[in-house]
Amino acid sequence: MAPPAARQRYNANKQENALTRKPPKKLNSGASKKENKKLGAAKKNENDSTASLDKRDVVPSVHTAFKTFVSARLCSAIWAYISDCDETYNYWEPLNYIINGHGLQTWEYSPQFALRSYTYLLLQGVPGWIYQKIFHPSPVLIFYMVRCMLGFGCAVMERFMYKSICQEFGIHIGRLWLIFQLFSVGMFISSTALLPSSFAMYFGCSALAAWWTQKYPLAIFFVAIASLLGWPFAGLIGVPIAVDMLLRKRLFRTFFIWAGISFATIAIPMIVIDSTYFGKITFAPLNIVLYNVFTNHGPNIFGTEPLSYYLVNGYLNFNIVWLLSLITPIMLIIDYFVVPAKSSSTLNFPRYITLAPFYLWLLVFFAQPHKEERFLFPVYPLISLCGAITVDVFQRIFFRLKTLIVSMKNGSSGPHYLDHTMFIAILIMILSTLTGLSRVFALYRNYHAPMDLMMELTQFKASPQYRADQIYNVCIGKDWYRYPGSFFFPAQNFRLRFLKSEFKGMLPAYYADGENATQIAHPYFNDMNKEDERMYFPYDDCHFLIDFDEGKYTDLEPSYSKRTKDWTIMKSLPFLIQEKSHRFYRAFYIPFITDNYTSYGNFNLLKRKKIRQS
């Protein structure tokens, strides 16, 4: 069966692709004037017959697309907030230890469990460490330097993917994908997140782009990077690639040679580095698979969610594009029967295999009880792609039905479907863009306060009261999961401390002092999320306190801001109270309306009135 999306796909032949089109050759100067005149007339007729097609070929070049991707990802680096406490405690804190010599350690980094890889951290840590040694910047500048580096890396992946999509799927789908990507909230969040799932997205989607252009060795190597250095479950993305190589193309030699080369060049150095850090032979990807798949409890002890969690989360991050991506297979089947194919397919692969990574990923992760937003990061660009394909199919079906109703001729010289259906694509692009921007504004207004609040400590460092030889304890209680990381402390003599709250799970602890701290196992770490009282800090020894005052108090979570004898408010910023806000208006910002349906509490940075010197 011919791939259904190949039918009526304009500019399918690669020699007509606007991204690679060469300028027309000059008329033969050696020919007679009469011959040149005939050739010129033929060329004129050809230009006249394809004039409308050239107008439809208006598409951003690869270089223009790359510039827009870089701009969008740098905006994310500056304005996106940290949406997952796992990013803070499992990656930014150990990275702070690598660069600045101190940081919080989670149980996953304990040598007893060794689920996380220091090799992955070093890829981000070495540039930050060099930056710190040469320029001695404020720690927060290192944070944003690393974020900008991640955003640039994501833009490089998107450039590669954009070019491959235009070649394999057509430039109309390519430009739709470009718009969906630029204004996707999901990409705004994931593109600069210091998470293995984001790293797996960079290289997993690069592997797909290489595969679509039949660069098989590069595709295998990128899948290996995504699954070994990033997240082992990213290997799911490579399953359709392996099926294509082994079952369809019979490229056994290429597959096994490059799989061996990739494993040797990535896994062996990784084992050496991680074994040095943990003090024992360690292969972190294997450990995380064993824990998540083969233990009795696995990750489910950290919470489970219904299927609706991913459905709602997908809509918030991709709005209408998410809904379109879910119905792509159905639309392709309808398209196959409704729209007749005018010519044979020029695609390298049928749709059922090129889009298989996305639906295989959804099939596996939708079935898992433990669900988190970051688990879908690796296939975020594929959501935009499937959404773009669905829009293209809608346009072709609409045009087909229109031609049947008005009895228009649909010959080879007849009108093109884009001449009559571009309004559909434009409406969806406008709707998706406005909804995406509305969501981004809402996220920044509602949840960015903790990152802005922490920067206020810089004012204290510049005051006469500050002493460089003293350790300052910054305490946090119920809001421990909103802490943005030690990079937001103005100097290395600030430490985060945990106050006892209603939370009954396990909290991280600082790496031990001295050499080989990564090889020391804290006795209170466990893989069952059990609380340990030794994690908590005495209230009277706190110099600063971070507290969100939302109007709900208990004995363990009092209103610290009202203890005016102990504290003074250094900075207070609004932060959304979800329970008191309308579900729609807290998710999307609508000027002049949202504020009437949302409620905010005060996110406070408190300073003890009498700081005891130690």
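Check the entry above for the structure.
Below: a short report on this structure. Predicted model only: the values in this text are computed from it and were never measured.

Rules behind the numbers
- Residues numbered from 1 in each chain as written.
- Predicted model: local features only at pLDDT ≥ 70, side-chain atom pairs only at ≥ 80, totals over all residues.
- Heavy atoms only, no water.
- Helix = DSSP H or I, 4+ residues; strand = E, 2+ residues; numbered from the N terminus.
- Buried < 20%, exposed > 50% of the residue type's maximum accessible area, 1.4 Å probe, protein only.
- Expected span 1.5 Å × (residues − 1).
- Bend = angle between axes of the 7 residues up to and from the residue.
- Patch = residues over 30% accessible without salt bridge, like charges linked within 9 Å, V, L, I, M, F, W, Y side chains within 5 Å.
- Areas by Shrake-Rupley, 256 points an atom, 1.4 Å probe, with all protein chains shown as cover.
- Salt bridge = Lys/Arg side-chain N within 4 Å of Asp/Glu carboxyl O.
- 1 Å grid on protein atoms, 1.4 Å probe; cavity = no way out; pocket = protein on both sides within 12 Å on 5 of 7 lines; lining within 4 Å.
- Points joined across faces, edges and corners; volume = space filled by probe spheres on them.
- Pairing = 2+ DSSP bridges.
- Axes fitted to C-alpha atoms, helices over the stretch in contact; angles between N-to-C directions.
- Contact = heavy atoms within 4.5 Å.
- Phe/Tyr/Trp six-rings, centres within 6.5 Å; stacked < 30°, edge-to-face > 60°.
- Lys NZ or Arg CZ within 6 Å of the ring centre and 35° of its normal.
- Disulfide = S-S within 2.5 Å.
- Polar contact = N/O pair within 3.5 Å; in protein donor to acceptor, adjacent residues only side chain to side chain.
- Core = buried A, V, L, I, M, F, W, Y, C linked by side-chain atoms within 4.5 Å.

Some details on the overall build of the protein
- Counting secondary structure elements, the protein contains 22 helices and seven strands.
- Burial analysis of the protein (614 residues in total) assigns 54% to the buried set.

Regarding helix H14 (residues 308-326)
- Between its first and last C-alpha, H14 extends only 14 Å over 19 residues, short of the 27 Å set by a 1.5 Å rise per residue.
- Where H14 bends most, at Phe318, the angle is about 125°.

Brief notes about a nonpolar patch on the surface
- Side chains of Val126, Trp129, Ile130, Ile134 and Phe135 sit close together on the surface and give an oily, nonpolar patch of about 510 Å² of accessible area.
- Structurally, Phe135 is set in helix H5 (residues 118-135).

Section: empty space enclosed by the protein
- Counted by the stated rule, this structure contains six cavities of 30 Å³ or more.
- Put simply, the largest cavity is a space of about 120 Å³.
- If you go around the largest cavity, you meet 15 residues; those closest to its centre are Leu115, Arg116, Ser117, Pro196 and Gly230.
- Elements represented by at least two residues in the lining of the largest cavity include exactly helix H10 (216-230) and helix H13 (284-294).

Concerning the sheet that holds strand S5 (residues 544-549)
- Strand order in the open sheet made by the five strands is S3-S2-S5-S7-S6, with mixed pairing throughout. This sheet does not close on itself; its edge strands, each paired only once, are strand S3 (494-498) and strand S6 (567-576). Averaged over all neighbouring strand pairs, the angle between strand axes comes to 25°, with direction disregarded.
- Of the pairings in the sheet, the one linking S6 to strand S7 (residues 600-608) comprises nine bridges and is antiparallel in character.

Comments concerning the side chain of Ser190
- Looking at where Ser190 falls in the secondary structure, it is placed in helix H8 (residues 185-190).
- Taking relative accessible area as the criterion, Ser190 reaches 0% and is therefore assigned buried.
- With near-sequence residues (within four places) excluded, Ser190 lies in contact with Ser198, Met201, Tyr202, Phe377 and Tyr380.

Here we look at the environment of Phe441
- Structurally, Phe441 is set in helix H19 (residues 417-447).
- Expressed as a C-alpha distance, the spacing of Phe441 and Ala587, which sit 146 residues apart in the sequence, is 9.5 Å.

Comments concerning H19
- Helix length check: H19, at 31 residues, gives a terminal C-alpha distance of 44 Å against a target of 45 Å (1.5 Å per residue), a fit within 8%.
- A bend of about 30° at Phe423 is the largest found in H19.

Things to note about the packing of aromatic side chains
- According to the stated counting rule, one finds 64 aromatic pairs in the structure shown.
- Relative to Tyr277, the ring of Tyr118 lies with its centre 4.5 Å away and its plane at 10°, an arrangement referred to as stacked. Here Tyr277 lies in helix H12 (residues 252-278) and Tyr118 lies in helix H5, a separation of 159 residues in the sequence.
- With relative accessibility at 0%, the residue Tyr118 sits in the buried group.
- Here the aromatic rings of Phe460 and Tyr472 are separated by 5.1 Å at their centres, their planes lie at 80°, and the arrangement is edge-to-face. You can see Phe460 sitting in helix H21 (residues 457-461) and its partner Tyr472 sitting in strand S2 (residues 472-476), a full 12 residues away along the chain. The same class applies to Phe460 and to Tyr472, which are both buried.
- Members of the aromatic cluster, connected to one another through ring pairs, are Tyr89, Phe460, Tyr466, Tyr472, Trp480, Tyr481, Tyr483, Phe489, Phe494, Phe498, Phe503 and Phe544.
- A cation over an aromatic ring shows up here: Arg563 above the ring of Tyr539, its NZ or CZ 5.3 Å from the ring centre.
- Across the ring face of Tyr539, the terminal group of Arg608 is positioned such that the distance to the ring centre comes to 5.4 Å.

With respect to the state of the cysteines
- What the rule picks out here adds up to one disulfide.
- With a sulfur-sulfur separation of 1.9 Å, Cys475 is cross-linked through a disulfide to Cys542. Torsion about the S-S bond of the Cys475 and Cys542 cystine: about -95°, corresponding to left-handed handedness. Here Cys475, found in strand S2, pairs with Cys542, found in the loop between strand S4 (509-510) and S5; they are 67 residues apart in sequence, far enough to count as distant.

Some points on the pattern of salt bridges
- Inspection of the entire model under this criterion finds 18 salt bridges.
- Here Glu372 and Arg374 are joined by a salt bridge, their closest N and O atoms 2.8 Å apart.
- The salt bridge involving Glu533 is made with Lys500; its shortest N-O contact spans 3.1 Å. Of this pair, Glu533 sits in the loop between S4 and S5 while Lys500 sits in the loop between S3 and S4, placing them 33 residues apart in sequence.
- Several salt bridges converge on common partners, so that one network encompasses Asp84, Asp86, Glu108, Arg116, Glu372 and Arg374.

Considerations on the pairing of S7
- For S7, the tally of buried residues reaches seven of nine residues, placing the bulk of the element in the interior.
- Relative to S7, S5 runs antiparallel, the two sharing six bridges. Across the sheet, the residue bridging to Asp547 is Asn604, located in S7.

Comments concerning the side chain of His543
- Summarising the element assignment, His543 is placed in the loop between S4 and S5.
- Within the structure, the side chain of His543 is placed 3.4 Å from the side chain of Gln470, a separation counted as a polar contact.

A word on unusual backbone geometry
- In this model, Arg250 sits at a positive phi of 60°, which is unusual for a non-glycine residue.
- When you line up the elements, Arg250 lands in the loop between helix H11 (239-248) and H12.
- The class for Arg250 is exposed, based on a relative accessible area of 54%.
- At Asn516, a position not held by glycine, the phi torsion is positive, near 55°.
- With respect to the helices and strands, Asn516 occurs in the loop between S4 and S5.

Remarks on the nonpolar core
- Counting residues in each nonpolar core, the largest one holds 166 residues, and the members touching the most others are Trp212, Leu385 and Phe494.
- Element by element, the count of residues in this core is highest for helix H6 (residues 139-168), at 13 residues.
- When sequence neighbours within four positions are dropped, the list of residues in contact with Phe494 reads His102, Leu457, Phe460, Tyr466, Tyr472, Val474, Phe489, Tyr510 and Phe544.
- Residues Cys475, Tyr539, Cys542 and Tyr560 belong to the second largest nonpolar core, which totals eight residues.

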